[in-house]
Amino acid sequence: MKSTVYITRKLPDEIINKLSQYFHVRMWKEENIPVPREILLKEIENIEGLICLLTDKIDEEVIRKAKQLKIISNLAVGYNNIDVQAAAKKEIIVTNTPGVLTETTADLTFALLMAAARRLVNASDSVRNGEWGAWSLMQHTGQDIFGATLGIIGLGRIGEALVKRANGFDMNVLYYNRTRKLEKEQELGIHYSELKDLLQQSDYVCLMLPYSPDVHHLIGKEELSLMKQSAILINTARGGIVDEEALYEALRNGDIWAAGLDVFEQEPIPMDHPLLSLSNVVTLPHIGSASVKTRMRMAHLAADNVVKVLYGGDAPITPVYQCVKV
Ligand code: GLV
């Protein structure tokens, strides 16, 4: 008997064809609209496998409805959208897609840093809006990247990949992490710093840590007040790590110089959000891993985890939580 797998968003045919060899595949067929909650709550009842996105809240209520679910495969590296404890209680495996998106996300993080530092969006807009005018000495002047100090909060895979980019720009790299990584300090030529010191010394602060309730609003009014007035905050992790109200105030008052944000507390960000009124913020729609190759690699990995577990009866490739003994 074939198992049934539900996918919460339209995925490319290549992925559907792969899964269809092994399973009955059901899918929410919209590309730009998340699956409505009531449909998810209904679908979850009679499926063995779920492939979901970071925008799907797979909480206790959803998990409680599942009668035969064996695997929740998240098509993202972050899995704060899933109640892993609730899944564990029902012995449901949870997987994510680490590794395959590391370099692409580090690329985007550095691109966002450069865009915010050199005011690329404002400068580009000025050309299109006919505001170029005469060349003038201080027009569109930004901050130097080469030789500046980069503070990385959270030295995981993506943080480490970011260091390689920073090293190419001769940056002095500080990092703060729950556990100090002495061997990485040697290998990458970086320095450990307590959070307060990192905030005070860095020209760029990049948030590269996973979201959990422990780090909710890790960067708030007090932390922003420690940063240099010329400093730039970059967030490609999760919106909830930053107190957006405090960030808005800090940017508006010139307490920090600029921000580059790929993630927000609410996504999509509401159009009347105060951050969108500021010209010293570069905003992106959560595209850290968005290269064609990487998004396909992520989708394949999410599918392969399901095939391994449901068809092969094997251990998943990239478990977040694994309850079955193999
Ligand atoms: C993207 O934010 C991811 O977690 O993969």
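Structure: see above.
Predicted model, so just to flag it, every value in this text is computed and none were measured.

(A) Just the sheet that holds strand β6 (residues 149–153), in detail. The sheet built from seven strands is open, its strands ordered β8-β7-β6-β9-β10-β11-β12 with parallel pairing. Sheet topology places β8 (191–192) and β12 (281–283) at the edges, where each strand pairs with a single neighbour. As paired strands, strand β7 (residues 172–176) and β8 are joined by two bridges and run parallel to one another. Bridging from a neighbouring strand, Y175 pairs with Y192 of β8. Along the sheet, helix α7 (residues 157–168) makes contact with β6, β7 and β9 (204–207), crossing β6 at roughly 175°.

(B) A look at the pattern of salt bridges. Enumeration according to the criterion identifies 15 salt bridges in this entry. The closest approach of N and O atoms between K42 and E45, which form a salt bridge, is 3.8 Å. Given the relative accessible area of 56%, K42 is considered exposed. Residue classification places E45 among the buried positions, given a relative accessible area of 17%.

(C) Quick look at the site of the ligand. The full set of residues close to the ligand is L54, A76, V77, G78, L101, R238 and H286. Contact between the ligand and V77: an oxygen atom at 2.8 Å from a main-chain N or O atom of the residue. Within the side chain of H286, an N or O atom sits 2.6 Å from an oxygen atom of the ligand. Contact with the protein chains removes 89% of the 190 Å² of surface that the ligand exposes when unbound. Here the residues of the shell around the ligand are counted per class, giving four nonpolar, two polar and one charged.

Basis of the calculations
Residues numbered from 1 in each chain as written. Predicted model: local features only at pLDDT ≥ 70, side-chain atom pairs only at ≥ 80, totals over all residues. Heavy atoms only, no water. Pairing = 2+ DSSP bridges. Helix = DSSP H or I, 4+ residues; strand = E, 2+ residues; numbered from the N terminus. Contact = heavy atoms within 4.5 Å. Axes fitted to C-alpha atoms, helices over the stretch in contact; angles between N-to-C directions. Salt bridge = Lys/Arg side-chain N within 4 Å of Asp/Glu carboxyl O. Buried < 20%, exposed > 50% of the residue type's maximum accessible area, 1.4 Å probe, protein only. Near = heavy atom within 4 Å. Polar contact = N/O pair within 3.5 Å; in protein donor to acceptor, adjacent residues only side chain to side chain. Areas by Shrake-Rupley, 256 points an atom, 1.4 Å probe, with all protein chains shown as cover. Nonpolar A, V, L, I, M, F, W, Y, C, P; charged D, E, K, R; others polar.

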